[in-house]
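In case you want the letters, here they are:
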Amino acid sequence: MTGVLDGHTALIVGANGGIGQAIAYALGAAGARLILAARDRGKLDQLRTELDAAGSTADTVPTDIIDDDAVRRLVERAAAEGMDIAVNNAGTSHRPAPLGDLVIEEADRVLRVTLRGTLVAMHHELAVLPDGGSIVNVASTAGVAGAPGMAAYVAAKHAVVGLTRTAALDYAARSIRVNAVAPGSIDSGGTTAQPDRIRQQIGSAAPLARLGSPAEVAAAVLWLASPAAAYTTGAVLTVDGGKGARGA
Ligand SMILES: NC(=O)c1ccc[n+]([C@@H]2O[C@H](COP(=O)([O-])OP(=O)(O)OC[C@H]3O[C@@H](n4cnc5c(N)ncnc54)[C@H](OP(=O)(O)O)[C@@H]3O)[C@@H](O)[C@H]2O)c1
């Protein structure tokens, strides 16, 4: 069977969670060879075993994105394996609170992982990606609009959108495309951890009246990473059940 990513090699940073795993499955099923990074070695090994059973080839490199040297080594290894696609999905959030009540240590952690981690990963990726390569960042609808109580997360994701657009301009001459997806409320991570009643309530806020699935985010990442999106760079593709259509 031939896939749209046959012959491509994709680094996925933050491959362990719901969305990261779905991205790994989607890119692997499309034929990409995978390099998977996140902190939890046991989860990475389990994911590799499952991908192997599904017919995909994956290497795992346990990495904490706040460790600059570890990120540099990860990207060097991915480059040695022929990386031409990088997906930056690692991110973390904080407990909701108005900015005046935000715990600054929590805000620092969010900014370190979600903003600085993505910046450092992109810095190393862009230094080695071949002409025609591609980056897809996982931003958020919190990267394009405010979200009550989520000031540091919103700031970090707006910054991810800024990094995406600026790198798209800086690298267009080499046909390196840099795009982002902006998921809305997805059944993954902190959302999955909520009781059913709350999850339904969160989902019903979208025009499509449900939570999105990690696979629906992964489908957008796959398209942006693939040659089908060859004329798309600097884009922020919302996967939000229609929330953004309401505008201001
Ligand atoms: N769920 C949603 O509704 C939603 C909406 C919009 C955007 N997003 C974004 O989508 C992405 C994935 O979120 P998710 O919902 O799937 O959450 P998740 O299950 O918590 O996944 C987070 C991922 O990031 C990794 N990670 C966290 N800290 C890391 C660090 N210091 N170094 C390396 N990897 C790290 C985690 O793996 P380890 O713990 O093993 O390191 C995991 O792979 C995030 O960027 C999130 O902000 C989610």
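It should be noted that the structure appears before, not after, this text.
Note that the coordinates shown come from a computational prediction; the quantities given were computed from them, not determined experimentally. (Residues numbered from 1 in each chain as written. Predicted model: local features only at pLDDT ≥ 70, side-chain atom pairs only at ≥ 80, totals over all residues. Heavy atoms only, no water.)

Student: Can you help me understand the overall build of the chain in this one?
Tutor: Looking only at helices and strands, the chain has eight helices and seven strands in total. The C-alpha atoms of the chain give a radius of gyration of 17 Å, which matches the 18 Å a tight globule of 248 residues would have. Projected onto its principal axes, the C-alpha coordinates of the chain cover approximately 45 × 40 × 35 Å. Looking at the chain residue by residue over its 248 residues, the buried ones come to 47%. For the chain, contacts bridging at least 24 residues in sequence account for 71% of all contacts bridging at least 6. Total accessible area computed for the chain in this model is approximately 11600 Å², and 55% of it derives from carbon and sulfur atoms. Taken as two groups, the 21 positive and 24 negative side-chain charges of the chain have centres that lie 4 Å from each other. (Helix = DSSP H or I, 4+ residues; strand = E, 2+ residues; numbered from the N terminus. Rg over C-alpha atoms; globule rule 2.2 N^0.38 Å. Buried < 20%, exposed > 50% of the residue type's maximum accessible area, 1.4 Å probe, protein only. Contact = heavy atoms within 4.5 Å. Areas by Shrake-Rupley, 256 points an atom, 1.4 Å probe, with all protein chains shown as cover. Lys, Arg positive; Asp, Glu negative; His and termini not counted. Charge placed at Lys NZ, Arg CZ, Asp CG, Glu CD.)

Student: Just to check I follow, could you spell out the sheet that holds strand E5 (residues 134–138) for this structure?
Tutor: Each strand in a sheet pairs with another by means of backbone hydrogen bonds, the pair being arranged parallel or else antiparallel. Strand order in the open sheet formed by seven strands is E3-E2-E1-E4-E5-E6-E7, with parallel pairing between adjacent strands. In this open sheet, the two strands that pair with only one neighbour each are strand E3 (58–60) and strand E7 (236–239). On average, each strand axis in the sheet is tilted by 20 degrees relative to the strand beside it, whichever way the strands run. Across four bridges, the pairing between strand E4 (residues 85–88) and E5 is parallel. Across the sheet, the residue bridging to Ile85 is Ser134, located in E5. Of the strands in this sheet, strand E1 (9–13), strand E2 (33–37), E4 and E5 are in contact with helix H1 (residues 18–29), which crosses E1 at around 175 degrees. Packing against the sheet, helix H3 (residues 68–80) makes contact with E1, E2 and E3, and its axis sits at approximately 165 degrees to E1. (Pairing = 2+ DSSP bridges. Axes fitted to C-alpha atoms, helices over the stretch in contact; angles between N-to-C directions.)

Student: Sorry, what's going on with the site of the ligand here?
Tutor: What surrounds the ligand is a group of 28 residues, the closest being Asn16, Arg39, Ile65, Tyr153 and Ser188. Side-chain polar atom of Arg39 to an oxygen atom of the ligand: 2.7 Å apart, as the coordinates give it. In isolation the ligand offers 890 Å² of accessible surface; the protein chains occlude 86% of this area. Across the shell around the ligand, the residue classes break down as eleven nonpolar, 13 polar and four charged. (Near = heavy atom within 4 Å. Polar contact = N/O pair within 3.5 Å; in protein donor to acceptor, adjacent residues only side chain to side chain. Nonpolar A, V, L, I, M, F, W, Y, C, P; charged D, E, K, R; others polar.)

Student: Even after reading the chapter, I still don't get the nonpolar core, so can you show me in this structure?
Tutor: Side chains of a nonpolar character, in soluble globular proteins, are inclined to be buried together. Counting 33 residues, the largest nonpolar core has Ile12, Ile23, Leu27, Leu34, Leu36 and Val87 as its most contacted members. Of all the secondary-structure elements, those providing two or more residues to this core are E1, H1, E2, helix H2 (41–53), E4, E5 and helix H8 (214–225). For this core, the element with the most residues is H8, which contributes seven residues. Filtering out sequence-adjacent residues up to four positions away, Leu36 remains in contact with Ile12, Ala15, Ala24, Leu44, Leu47, Leu51, Ala58, Asp59, Thr60 and Val61. In this structure, Val71, Val120, Ala121 and Ile135 belong to the second largest nonpolar core, which totals 24 residues. (Core = buried A, V, L, I, M, F, W, Y, C linked by side-chain atoms within 4.5 Å.)

Student: Would you take a moment to explain the pairing of E1 for this structure?
Tutor: Regular strands have side chains that alternate between both faces of the sheet. Summarising burial for E1: five of the five residues are buried, a large majority. Of the two faces of E1, the one lined by Thr9, Leu11 and Val13 and the one lined by Ala10 and Ile12 are each fully buried. Direction of pairing for E1 relative to E2: parallel, over a ladder of five bridges. Bridged to Ile12 within E2 is Leu36. Crossover handedness for the path E1 to H1 to E2: right-handed. As defined by bridge partners, E1 adjoins E4 across four bridges and the pair is classed as parallel. Paired with Ile12 across the bridge in E4 is Val87. (Right-handed = clockwise from strand over helix to strand, strands pointing away.)

Student: Explain H1 to me, please; I cannot follow it from the model alone.
Tutor: For an α-helix the count is 3.6 residues per turn, leaving residues at separations of three or four pointing the same way. Relative to the 16 Å expected for twelve residues at 1.5 Å per residue, H1 spans 17 Å between its end C-alpha atoms, a close match to the ideal helical length. Taken together, the buried positions of H1 are Ile19, Gly20, Ala22, Ile23, Ala24, Ala26, Leu27 and Gly28. On its buried side, H1 packs onto E1, E2, H2, E4, E5 and H8. One or two steps after H1, the chain reaches Gly31, where phi turns positive at roughly 110 degrees. (Expected span 1.5 Å × (residues − 1).)

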